[in-house]
Number of protein chains: 2
Amino acid sequence: MVRKPTSKETARKPNMREAILAAAEELFATNGFNAVSVRDIAQAAGANPGSVTYHFKTKDGLLLEIYRRHCGPMNLRRFELLAAAKRVRDLQDRLEAVVRAYVVPAFTSGSDLAGGGARFTRLRAVMSAEGNEVARKIIAQTFDDTSHAFIDAVHESLPHIPRTDIVWRSHFLLGALYYSLVTPDRVSRLSRGEADGSDAASAIEQLVQATVAAFQAPALDQAAPARRRPVVSSKT
Amino acid sequence: MVRKPTSKETARKPNMREAILAAAEELFATNGFNAVSVRDIAQAAGANPGSVTYHFKTKDGLLLEIYRRHCGPMNLRRFELLAAAKRVRDLQDRLEAVVRAYVVPAFTSGSDLAGGGARFTRLRAVMSAEGNEVARKIIAQTFDDTSHAFIDAVHESLPHIPRTDIVWRSHFLLGALYYSLVTPDRVSRLSRGEADGSDAASAIEQLVQATVAAFQAPALDQAAPARRRPVVSSKT
DNA sequence: ATGTGATTTGTACTATCGTACAAAAGATCA
DNA sequence: TGATCTTTTGTACGATAGTACAAATCACAT
């Protein structure tokens, strides 16, 4: 079943274009965009610097292509899982399924790349932290639909919670998700080795469980209606 | 009440050293470390590039000084608030106070700078995303004590939850906290203008409420003991 | 085998980077 | 006022950045 590839899709023995993309993805995701030079990428991919220019024209073009590669498949998978989640009868189960539909594709692969989902999500986290313009544009116009669909689905399971609160909480979810992928070692360190921060399965379960509970928290307006505010500051 | 400053604490009419620190903090926090040049910082501070070298020797030294400036006060404030929180009788209220003790100093100022707390926390978020070495070292040895104290305090309020779960959930808290400061506009956008992502008070309340609920979620081992797992994937 | 188009290589150009350093300018006090 | 120390300025240097481009190399249809 080893298909001889036609000249259009691959050129040399190894697919250099793919190697460059993979190397760039990894380096960008761990060091940020500006800390990585085109020469670094080329070296990691076993390619010549000029080859990067040939395939992607500019460094920004390379980043753009990475996003193009992953956004579609990851969103598709999210919509599939979200559709399946919406068919769950039990309301509690449905909420969990909805959250899972949002979280799982970010960790596991959105495309056919092995573990590429986590790497790409980490890349998104880093780019958003750096305020990268290229990323900001493509993310806003690619993921906002998904985010709205997700927020709506959560809202359907929790009609008594104001939409505003759900937006905040889903924002926290994304932040937690990002941070789990950015510094997994911190979890291992703070748990004194009892937890493995880089274990995707654990991260998913913990994140889903915590997030479901967070979504189910009482709305802010009516929070603790008969309780006094706990002490918050010593002075002022 | 205009005190003539002694020669030791300030030299020229405006304090150039402070101006450089402030400008660097702002630029690093919004663009990342590598995207900002020493010349950018100098220009934003109205100083000469050479002046940066004079005061901080290297670019890394400048970053280090920013951390030195904030870490102490912020940690001190957290310990004060944590100590006060531990004196709260009611267990539910105590948990909320503990979470608040962790969150509030990250948003409001840890030192005497106005709004400097949020800016510095955002800086920490960006540096951690970029995997900055200087930041990683100083953070691990400065904030791990605080984090452990915080985790222990939460654990005291929730003895039935395994420590591992609490570590994960406090990790999610920090991620949510970071992300709220990095891209507040996303909250405004997704809520269609109904929420203001850059309003610190709202962010704090929302974050505290959601996090308290997340901490109170059932432990993972015993999660949903009599329930079947909801559907999670269509294939495999 | 050979010509043709796609890819890779090697190298060079310009811009900007972090940093160094000497000279100028200001502050401080005898 | 003049001596001395601190701070600011201006400029320069070597390294490295992104990108361009011509030459070399490869895959493959003819």
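Just above, that's the structure.
All of these numbers come straight from a predicted model, not from anything done at the bench.

Caption draft 1: Spatial organisation of the relation of the copies chain A and chain B. The two copies are related by a screw motion: chain A maps onto chain B through a turn of 180° and a shift of 0.0 Å along the axis, at an RMSD of 0.0 Å. Look at the turn and shift together and you get a two-fold axis relating the two. When the interface residues of chain A are mapped onto chain B, 100% of them are again interface residues, pointing to one common binding face.

Caption draft 2: Layout of the interface of chain A and chain B. The interface of chain A with chain B comprises 75 residues on the first partner and 75 residues on the second. On the chain A side of the interface with chain B, the three residues burying the most area are Trp168(A), His171(A) and Gln206(A), jointly 11% of the side's total. The partner of Arg189(B) in a salt bridge is Asp144(A), with the nearest N and O atoms 2.7 Å apart. On the surface where chain A and chain B come into contact, there are 12 residue pairs in polar contact (both at pLDDT 80 or more). Of all the secondary-structure elements, those providing two or more residues to the side of chain A that touches chain B are α1 (16-31), α4 (59-86), α5 (91-107), α6 (116-130), α7 (133-157), α8 (163-182), α9 (184-190) and α10 (200-215) of chain A. Of the residues forming the side of chain A that touches chain B, the biggest block, 15 residues, is contributed by α8(A). A per-class count over the side of chain A that touches chain B returns 34 nonpolar, 20 polar and 21 charged.

Caption draft 3: Looking closely at the side chain of Gln206(A). With respect to the element layout, Gln206(A) can be found in helix α10. With a relative accessible area of 5%, Gln206(A) lands in the buried category. With near-sequence residues (within four places) excluded, Gln206(A) lies in contact with Asp165(B), Trp168(B), Arg169(B), Phe172(B) and Leu220(B).

Rules and cut-offs
- Residues numbered from 1 in each chain as written.
- Chains lettered and ligands numbered in written order.
- Predicted model: local features only at pLDDT ≥ 70, side-chain atom pairs only at ≥ 80, totals over all residues.
- Heavy atoms only, no water.
- Least-squares fit on C-alpha atoms with pLDDT ≥ 70 in both.
- Contact = heavy atoms within 4.5 Å.
- Buried area = accessible area lost by both parts, 1.4 Å probe.
- Salt bridge = Lys/Arg side-chain N within 4 Å of Asp/Glu carboxyl O.
- Polar contact = N/O pair within 3.5 Å; in protein donor to acceptor, adjacent residues only side chain to side chain.
- Helix = DSSP H or I, 4+ residues; strand = E, 2+ residues; numbered from the N terminus.
- Nonpolar A, V, L, I, M, F, W, Y, C, P; charged D, E, K, R; others polar.
- Buried < 20%, exposed > 50% of the residue type's maximum accessible area, 1.4 Å probe, protein only.

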